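# Residue-level structural notes
Listed here are the chains, written in short residue letters.
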Amino acid sequence: PWDAREAQDQEMPLDEAGYRPAVPTRGEKTQGVRREEEQYQIPLHPRSVAALEAAMREMDESFAEMLLRKIDENGMKDSDCYKKANVSRQLFSKIRSDRDYKPKKPTAVAFIMALELPIEEANVMLAKAGYAFSRSDKFDIIVQFLIQRKLYNVNNANLILFKYHQALLGSGMN
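Residues numbered from 1 in each chain as written. Predicted model: local features only at pLDDT ≥ 70, side-chain atom pairs only at ≥ 80, totals over all residues. Heavy atoms only, no water.

## Some words on the overall build of the protein chain
- A count of helical and extended segments in the protein chain gives nine helices and two strands.
- Along the protein chain, helices (α) and strands (β) appear in the sequence α-β-β-α-α-α-α-α-α-α-α when read from the amino end.
- Taking all 174 residues of the protein chain together, 33% fall into the buried category.
- Here the analysis covers contacts within the protein chain between residues at least 6 apart in sequence; of these, 52% occur between residues at least 24 apart.
- When the accessible surface of the protein chain is summed, it comes to about 11,600 Å², and 50% of that surface belongs to carbon and sulfur atoms. (Helix = DSSP H or I, 4+ residues; strand = E, 2+ residues; numbered from the N terminus. Buried < 20%, exposed > 50% of the residue type's maximum accessible area, 1.4 Å probe, protein only. Contact = heavy atoms within 4.5 Å. Areas by Shrake-Rupley, 256 points an atom, 1.4 Å probe, with all protein chains shown as cover.)

Here it is, written out as C-alpha cells:
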C-alpha cells in the first residue's frame, strides 16, 4: 500500500503552482493543497475543492460572534455578561479573541442564561457551539425547563443541577 511518509521523503518535483503532484489512491482523484508549509492531499476533484472552499466562505456567524453580537444587542458590558454567566475573564478573553473557539456545553449554556435568550435563540446559539439539547439527557431537560420558564439565574440553575448530580454552568471564577 501507498505510504504518505514515503512520498514526502522522496524528492518530488513541484508543479507550476508550487504544489507536489497529487497521488491518487484506490481510484480517487486528488488535489494537492499547500497550507502553512505542509503538503496535504485532498481526495476530491479540483471542481469539488473549489465548491467546498466556496461553501466555507459562506459560513454562518460563529458562537463567539453571536455571543458578542447578543451582548451588544442587550446593551450589556462584556464584564457584566461573563460575571453573570459565572465564566472567568480569562476564558471570556479566549472566546473573544478566537472566532472559532468552541466552549464546553455548560459554558455555552451559561452564556445563554446570562443573555436570557428564549429557547429558539438558545437552540441556535448552542448549535453554533456544536451542541444540541436532547430529551434523553437530565442536564438538557433541566436547562430547557429553566429557559422555558425564564428562570435565568445561573447560581440558582447550578443549585438545581447540583441536586440532580449534573455538570454546573460556567467555568467558575477560581
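## As for the side chain of T107
- Following the sequence through the fold, T107 ends up in helix α6 (residues 105–114).
- You can call T107 buried: its relative accessible area is 6%.
- Residues contacting T107, with those up to four places away along its chain left out, are V87, L91, G170 and S171.

## A closer look at the side chain of Q144
- Tracing the backbone through its elements, the reader meets Q144 in helix α8 (residues 138–148).
- Assessed through its relative accessible area of 11%, Q144 is described here as buried.
- Discounting residues that sit within four places of it in the chain, Q144 has contacts with I119, F133, S134 and R135.

## Points about the nonpolar core
- Judged by nonpolar contacts, the single largest core of 39 residues is most densely connected at L67, F111, M113, I147 and L169.
- Elements with a minimum of two residues in this core: α3 (63–73), α4 (78–84), α5 (89–97), α6, α7 (119–128), α8 and α9 (154–163).
- Per-element tally for this core: the top contributor is α6, with seven residues.
- The residues touching L169, leaving out its near neighbours within four places in the chain, are N86, P106, V109, A110, M113, F139, V154, A157, N158 and L161. (Core = buried A, V, L, I, M, F, W, Y, C linked by side-chain atoms within 4.5 Å.)

## Brief notes about unusual backbone geometry
- Of note in this structure, E116 is not a glycine but carries a positive phi near 55°.
- By the element assignment, E116 lies in the loop between α6 and α7.
- Positioned with a positive phi, H165 is a non-glycine residue whose angle comes to about 60°.
- By relative accessible area, H165 is classed as exposed at 72%.

## Here we look at the pattern of salt bridges
- Within this structure, the stated rule accounts for nine salt bridges.
- Residue R96 is joined to D78 by a salt bridge in which the shortest nitrogen-to-oxygen separation is 2.4 Å. Note that R96 is positioned in helix α5 and D78 in helix α4, a separation of 18 residues in sequence.
- Here D78 falls in the partly exposed class, since its relative accessible area comes to 22%.
- Here the salt bridges share partners, and the residues they tie into one network are E61, R69, K70, E73 and E121. (Salt bridge = Lys/Arg side-chain N within 4 Å of Asp/Glu carboxyl O.)

## Re the confidence of the model for the protein chain
- In this model, the protein chain carries a mean pLDDT of 84, and residues with pLDDT of at least 70 account for 75%.
- For the stretch residues 1–12, pLDDT sits under 50, and the model shows eight contacts to residues farther than four places along the chain or on other chains. (pLDDT = per-residue confidence, 0-100.)

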